[in-house]
Protein chains: 2
Amino acid sequence: MVEDFSRLQQGIHYRFSQVKHLATALTHSSWANEQPEPVEDNERLEFLGDAVLELCVTEELFKRFKGAHEGQLTKIRSKLVKEKSLATIARELDINDFLKLGRGEEAQGGRNRSSLLADAMEAVIGAVFLDGGYAEAQKFIMRIFANKWPATFKIESSKDFKSKLQEVTQARFKERPTYVLTGTKGPEHEKIFMVNLNLPDGKSFDSEGSSLKKAEQTAAAKALDYLTEDEGLS
Amino acid sequence: MVEDFSRLQQGIHYRFSQVKHLATALTHSSWANEQPEPVEDNERLEFLGDAVLELCVTEELFKRFKGAHEGQLTKIRSKLVKEKSLATIARELDINDFLKLGRGEEAQGGRNRSSLLADAMEAVIGAVFLDGGYAEAQKFIMRIFANKWPATFKIESSKDFKSKLQEVTQARFKERPTYVLTGTKGPEHEKIFMVNLNLPDGKSFDSEGSSLKKAEQTAAAKALDYLTEDEGLS
């Protein structure tokens, strides 16, 4: 059973060789569960699409931001692929109009639920990959993310999160953060150091690392993320 | 500055067009930090390689285990790509022999540390992808994982984790697990249900879902993972 998906395929600028992949991507488990015969839902395609999206976005960020280190790239990536962003793209492409939902899910407003739309968006990406391979999936993702890439990334003057955190904490609280080594674990040659960092506002961050310095840097990076959360990317 | 990596390239059965990518993949930050001039370390390539590996393994599992649902695939994938597995492959390929480490890292046994080797393995995968594209990276990963794929996946008779957990818990503890709805959050049309599951041994699992049933199923799946952790994949 293949529906008329021609409007959707025009909208997403991708024409499937095998439209059955698109049909599966649009089949929510709640609909599949209501059918008398077994029908495949979109959950396996979502699993595939999630990994396709992650690599395509990673590759683009890697090439676009040559001066960014991996911590900055991770942060940009997670904003781009988070549920809310994917649901927005799904709505822009009118994917919600084409979803097959079960009666209960429909009644509860599932057609406008961000988590459900984000999953369907990933499933459609998985379907494009299965249908056309990596190169086609990449072109598709570049189209749907065309206006989503940040213009710049937040510049960190260096990788020294401890020094940076001290500046920010002094400026905001007139006090320094404190670091405590809470323990170590693992065999001697693979020892892991555990650190707890406390900010003057009482907020606390745990981290681990293969050296005390690394564990402190990681904790400091987390605290910096927390303190600068609302400053945006660019 | 490009070293003689011909033995390594023979060992991994991949010849780089631009061997500088391989050199970067083998440069640990501890070595780069000791150089008088700025040198790129392998951390950005590790970030890229991690996503390449995830997609290649996901694609293979998707095609290999057509009857497996996404929860099973996720579980198999995490065993395949975990630190210990990647470090083993790095040692099989003699990547440790070619790593550039700083003096301190070398003295502390970094050359045999699993986390460091797993990171380098991901960086080498990232380097192959950058050098040869997705198809070459996929061939490379299929070679290095040739004898790693599980023959079968653990059969779950259905997706009904609650029933399965009840069986397992009754058999092991002669008691049932208990489920408590601990709260709900979010607006009415996107309400999230929070559930706490208790096992008779006192172990407790929290989960969330867009329905009470889904939250309970997710909690049950976590508890099953915990109870069957050491039974292996096949």
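A quick note: this is a predicted structure, and the numbers were derived from the prediction, not measured.

Once that is clear, we can look at the interface of chain B and chain A. In this complex, chain B contributes 38 residues to the contact, which on the side of chain A involves 38 residues. With both chains or domains summed, chain B and chain A bury close to 3,300 Å², and 61% of this area falls on carbon and sulfur atoms. Counting the surface chain B buries against chain A, the share from its top three residues, R44, F47 and F62 of chain B, is 26%. Counting every contact that joins chain B to chain A gives two salt bridges. Of the charged contacts, one joins E105 of chain A and K214 of chain B as a salt bridge, the two residues approaching to 3.9 Å between their closest N and O atoms. For the side of chain B that touches chain A, the secondary structure elements donating two or more residues are α4 (43–64), α5 (70–81) and α9 (114–144) of chain B. In terms of residues, the side of chain B that touches chain A owes the most to one element, α4 of chain B, which gives 14 residues. Looking at the side of chain B that touches chain A residue by residue, the class counts come to 13 nonpolar, ten polar and 15 charged.

Turning to the packing of aromatic side chains, a few remarks are in order. Tallying each qualifying case throughout the model produces eleven aromatic pairs over all chains. With a centroid separation of 5.8 Å and an interplanar angle of 35°, the aromatic rings of F145 of chain A and W149 of chain A are classed as tilted. Across the pair, exposure class does not vary: F145 of chain A and W149 of chain A are buried alike. What links up through ring pairs into an aromatic cluster is the set F129 and Y134 of chain A together with F129 and Y134 of chain B. Above the ring of Y226 of chain B, the side-chain terminus of K203 of chain B is found at 5.3 Å from the ring centroid.

Glancing now at the domain arrangement of chain A. According to the domain assignment, chain A contains domain 1 (6–144) and domain 2 (161–228). With centres defined by C-alpha atoms, the gap from domain 1 of chain A to domain 2 of chain A works out at 37 Å.

Right, let's talk about the packing of α4 of chain B against α9 of chain B for a bit. Residues and elements named next belong to chain B. For the pair α4 and α9, interaxial distance at closest approach is 7 Å and the crossing angle is 50°. Accordingly, the angle class assigned to the pair α4 and α9 is oblique. As α4 runs across α9, the sense of the crossing is left-handed.

All names here are of chain A. This structure, assessed with the given rule, holds 31 salt bridges over all chains. Among the salt bridges present, the one from E188 reaches K191, with a minimum N-O distance of 3.6 Å. Connected through salt bridges with shared partners, the residues R7, D94 and D97 form a single ionic network.

Note: a rotation about an axis with an accompanying shift along it relates these two copies of the chain. Rotating chain B by 180° about the axis while translating it 0.0 Å along that axis superimposes it on chain A, leaving an RMSD of 0.2 Å. The superposition operator between the copies reduces to a two-fold rotation axis. The fraction of interface residues of chain B whose copies in chain A are also interface residues reaches 100%, indicating that both copies meet through the same surface.

Each α-helix winds once per 3.6 residues, and so residues spaced three or four apart point in a common direction. Residue and element names in this part refer to chain A. Within helix α6 (residues 83–92) the residues assigned to the buried category are S85, L86, A87, I89 and A90. Looking at the buried positions of α6, the neighbouring elements they touch are α4 (43–64), α5 (70–80), α7 (95–98) and α9 (114–144). One or two residues past the end of α6 sits D94, with phi positive at roughly 60°.

Residues and elements named next belong to chain B. Taken together, the seven bridges between strand β1 (residues 178–185) and strand β2 (residues 192–198) define a ladder with antiparallel strand orientation. Bridge assignment links T178 to a residue of β2, and that residue is N198. Hairpin geometry of β1 and β2 is characterised by an intervening segment of six residues between the two adjacent antiparallel strands and by a positive phi of about 90° at G186.

This part is about the UniProt feature "binding site: Mg(2+)" (unreviewed entry) in chain A. Residues and elements named next belong to chain A. Residues given the UniProt feature "binding site: Mg(2+)" (unreviewed entry) here are E46, D119 and E122. Spanning 77 residues, the annotated positions come together in the fold, the maximum distance between their C-alpha atoms being 6.0 Å. Secondary-structure assignment places E46 in helix α4. In this structure, D119 sits in helix α9.

Residues and elements named next belong to chain A. If you trace the three strands from one edge of the open sheet to the other, you get β1-β2-β3, paired in antiparallel fashion. The open sheet has two edge strands, β1 (178–185) and β3 (204–209), and neither has a second partner. Each adjacent strand pair in this sheet contributes to an overall mean axis angle of 20°, direction not counted. The strands touched by helix α11 (residues 212–227) within the sheet are β1, β2 (192–198) and β3, with β3 carrying the most contacts at an inclination of about 145°.

About the criteria used
Each chain carries its own residue numbering, running from 1 in the written order of its sequence. To label them, take the chains in the order written and letter them from A, then take the ligands in the order written and number them from 1. Since the coordinates come from a predicted model, pLDDT governs what is reported: local features require at least 70, and pairs of side-chain atoms require 80 or more to be given and counted, while whole-chain, interface and lining totals use all residues. Only hydrogens and water are set aside; all other atoms, that is, all heavy atoms of the structure, feed into the side-chain values. Residues count as neighbours in contact if any of their non-hydrogen atoms are within 4.5 Å of one another. Once two parts are put together, the accessible area they lose, assessed with a 1.4 Å probe and summed over both, is termed the buried area. Whenever a carboxyl oxygen of Asp or Glu lies within 4 Å of a side-chain nitrogen of Lys or Arg, that contact is scored as a salt bridge. Each helix is a run of DSSP H or I of at least 4 residues and each strand a run of E of at least 2, with the numbering of both proceeding from the N terminus. In this classification, Asp, Glu, Lys and Arg are treated as charged, Ala, Val, Leu, Ile, Met, Phe, Trp, Tyr, Cys and Pro as nonpolar, and every other residue, Gly included, as polar. Only rings of Phe, Tyr and Trp enter the pairing, Trp through its six-membered ring, and a pair is recorded when the two centres are within 6.5 Å. The plane angle decides the type: under 30 degrees is stacked, over 60 is edge-to-face, the rest tilted. Only protein chains enter the accessibility calculation, which uses a 1.4 Å probe; a residue is then buried when its area is under 20% of its type maximum, exposed when over 50%, and partly exposed in between. Lysine and arginine charges are scored as sitting over a ring when NZ or CZ, respectively, is within 6 Å of the ring centre and within 35 degrees of the ring normal. Residue ranges labeled as domains rest on an automatic or database domain assignment. Interaxial angles span 0 to 180 degrees and are taken between N-to-C directions of axes, which are lines fitted to C-alpha atoms, for helices over the stretch in contact. Roughly parallel here means an angle under 35 degrees, roughly antiparallel means over 145, roughly perpendicular means 65 to 115, and every remaining angle is called oblique. Note: crossing handedness is left-handed where the near helix turns anticlockwise from the far helix by less than a right angle, and right-handed where it turns clockwise. Least-squares superposition of the copies uses the C-alpha atoms of those residues scoring a pLDDT of at least 70 in each of them. A pair of strands counts as paired when DSSP detects no fewer than two bridges linking them. UniProt positions are given in the numbering used here, feature names are shortened, and annotations may be inferred rather than shown by experiment.

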